[in-house]
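Secondary and tertiary structure notes
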Amino acid sequence: MKCGLCFGKAQVELIQHKIAMCGPCYLKWVPHYTQRTIKNFRMFSHQDPVLVAVSGGKDSLSLWSILTELGYQADALYINLGILENNYSAYSLECAQQLASTLGRKLHVIDLEKEQGFRIPQMHRKIERNICSACGVIKRYYMNLTAYQEGYHCVATGHNLDDESSSLLSNVLSWDVHYLSRQSPVLPEKGQKLVKKVKPLCYFTEKETAQYAFLKQIEYIGYDCPYVKGSTFLYYKDLLNQLEQNSAGSKRRFYDGFLRVSAGRFEEKMPELQECRHCGMPTPIDVCSFCRITQRAKKIVREQTPSQ
Ligand code: SF4
Ligand code: ZN
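To keep things clear, this report deals only with the structure shown in the data block. A quick note: this is a predicted structure, and the numbers were derived from the prediction, not measured. (Residues numbered from 1 in each chain as written. Chains lettered and ligands numbered in written order. Predicted model: local features only at pLDDT ≥ 70, side-chain atom pairs only at ≥ 80, totals over all residues. Heavy atoms only, no water.)

**What about the packing of helix α2 (residues 58-69) against helix α9 (residues 206-215)?**
- Viewed as axis vectors pointing N to C, α2 and α9 meet at an angle of 60°, and their least axial separation amounts to 9 Å. When the interaxial angle is binned, α2 and α9 end up oblique. Handedness of the α2/α9 crossing: left-handed. Contact residues: Lys58, Asp59, Ser62, Ser65, Ile66 and Glu69 in α2; Glu206, Thr209, Ala210, Tyr212 and Ala213 in α9.
- The class makeup of the residues in the contact of α2 with α9 is 4 nonpolar, 3 polar and 4 charged. (Axes fitted to C-alpha atoms, helices over the stretch in contact; angles between N-to-C directions. Helix = DSSP H or I, 4+ residues; strand = E, 2+ residues; numbered from the N terminus. Parallel < 35°, antiparallel > 145°, perpendicular 65-115°, else oblique. Left-handed = near helix turned anticlockwise from the far one by under 90°. Contact = heavy atoms within 4.5 Å. Nonpolar A, V, L, I, M, F, W, Y, C, P; charged D, E, K, R; others polar.)

Below, the structure written as structure tokens:
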């Protein structure tokens, strides 16, 4: 197989784009394509400082590397969730620190245990089934808070086409209007305290970002968080992969079609926001989800700690 750009020996086959590429061409093409997405969705400019949320995985670390290569002012945030199993948190932090030193950019680190006095595994023992939704609220809160406090224009996440199409499938199956209204590569800022959120890798598949990270020699954590097992998103990803095998480009058509056809049709009337009674961040209710979850987690930890 030959590279469709330079006719050298191809290393990567991009089925959805109907082209194969050699390593060097692929390493140029991915940033070029990312730049196109950033421009088409008006995500940010070269003057805007961007905060990349990194987990230590292939997608977020590739995104940080690509944005830096494209000349953007991109720093990153890593949230240490205190997951000791398989050395998960320690190794993913190490990968993020390694890339920070390669890129010469700042890495902000938030340690959940130091900030709040608990680790995600302590919550998992009590609320096994809902751990990912609680963990997601905690991560999103710190991403937004750090961007707001440190003066970043937006938070960029490494969500890929597999993530976006599987969450779209889930939201369509339940006709969840609230989530469908937020199913976009760009969520605009709201007031001063809720910063813009962007997903510049939303058109690359998981396989494509993994190939990029591999060819770029980015060290990343190659295994999942131990608590992801049994997640319905994995099941939806699997269904879409089966569809993709029979009809290449299905994920892209599904996601892109939704963005084109349904844009603006699922706009939900947002409730008035007020300041959270505890932390002062915007919330539709008296106490925000983050404060409610962390209060509950602290109670769980107190109950787990044997009294002296
Ligand atoms: Fe958190 Fe769930 Fe992701 Fe693990 S899989 S990091 S618990 S959201
Ligand atoms: Zn709060």
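Now that the structure has been shown, the text picks up again.
**Overview of the side chain of Lys199**
- Tracing the backbone shows Lys199 in the loop between β8 (196-198) and α9.
- A relative accessible area of 18% means that Lys199 is categorised as buried.
- Excluding anything up to four places from it in sequence, Lys199 contacts Met43, Thr157, His159, Glu164, Ser184 and Pro185. (Buried < 20%, exposed > 50% of the residue type's maximum accessible area, 1.4 Å probe, protein only.)

**Points about a positive patch on the surface**
- Residues Lys139, Arg140, Arg182 and Lys190 make up a contiguous surface patch of positive charge.
- Along the chain, Lys139 falls in helix α6 (residues 131-150).
- Look at Lys139 and you get partly exposed, because its relative accessible area is 32%. (Patch = residues over 30% accessible without salt bridge, like charges linked within 9 Å, V, L, I, M, F, W, Y side chains within 5 Å. Areas by Shrake-Rupley, 256 points an atom, 1.4 Å probe, with all protein chains shown as cover. Salt bridge = Lys/Arg side-chain N within 4 Å of Asp/Glu carboxyl O. Lys, Arg positive; Asp, Glu negative; His and termini not counted. Charge placed at Lys NZ, Arg CZ, Asp CG, Glu CD.)

**Section: the coordination of the zinc ion (ligand 2)**
- Distances from the zinc ion (ligand 2) to its protein donors, Cys276 (SG), Cys279 (SG), Cys288 (SG) and Cys291 (SG), fall at 2.2 to 2.4 Å.
- Here the zinc ion (ligand 2) is ringed by 4 donor atoms whose angles at the metal span 105 to 115°, and the overall shape comes out tetrahedral.
- Spacing between the donor residues of the zinc ion (ligand 2) along their common chain follows C-x2-C-x8-C-x2-C. A residue pair is termed long-range when its members are at least 10 positions apart, and Cys279 in the loop between β9 (274-275) and β10 (282-283) and Cys291 in helix α12 (residues 289-304) qualify at 12 residues.
- According to the relative accessible area criterion, Cys291 is buried, its value standing at 7%. (Donors = N, O, S within 2.8 Å, 3.2 Å for Na, K, Ca; no water. Tetrahedral: all angles 85-135°; square planar, octahedral: opposite > 155°, others 65-115°.)

**Quick look at the sheet that holds strand β6 (residues 154-156)**
- Reading across the sheet, the 6 strands line up as β5-β4-β3-β6-β8-β7 and stay open at both edges, with mixed pairing between neighbours. What marks the edges here is a single partner per strand, and that holds for β5 (107-111) and β7 (186-187).
- Pairing of strand β4 (residues 74-80) with β5, which is carried by 5 bridges, proceeds in the parallel orientation. Looking at β5, one finds that Ala76 is bridged to Leu107.
- Seen against the sheet, helix α3 (residues 88-103) touches β3 (50-54), β4 and β5 and runs at an angle of roughly 165° to β4.
- Lying on the sheet, α6 is in contact with β3, β4, β5, β6 and β8; it crosses β4 at an angle near 140°. (Pairing = 2+ DSSP bridges.)

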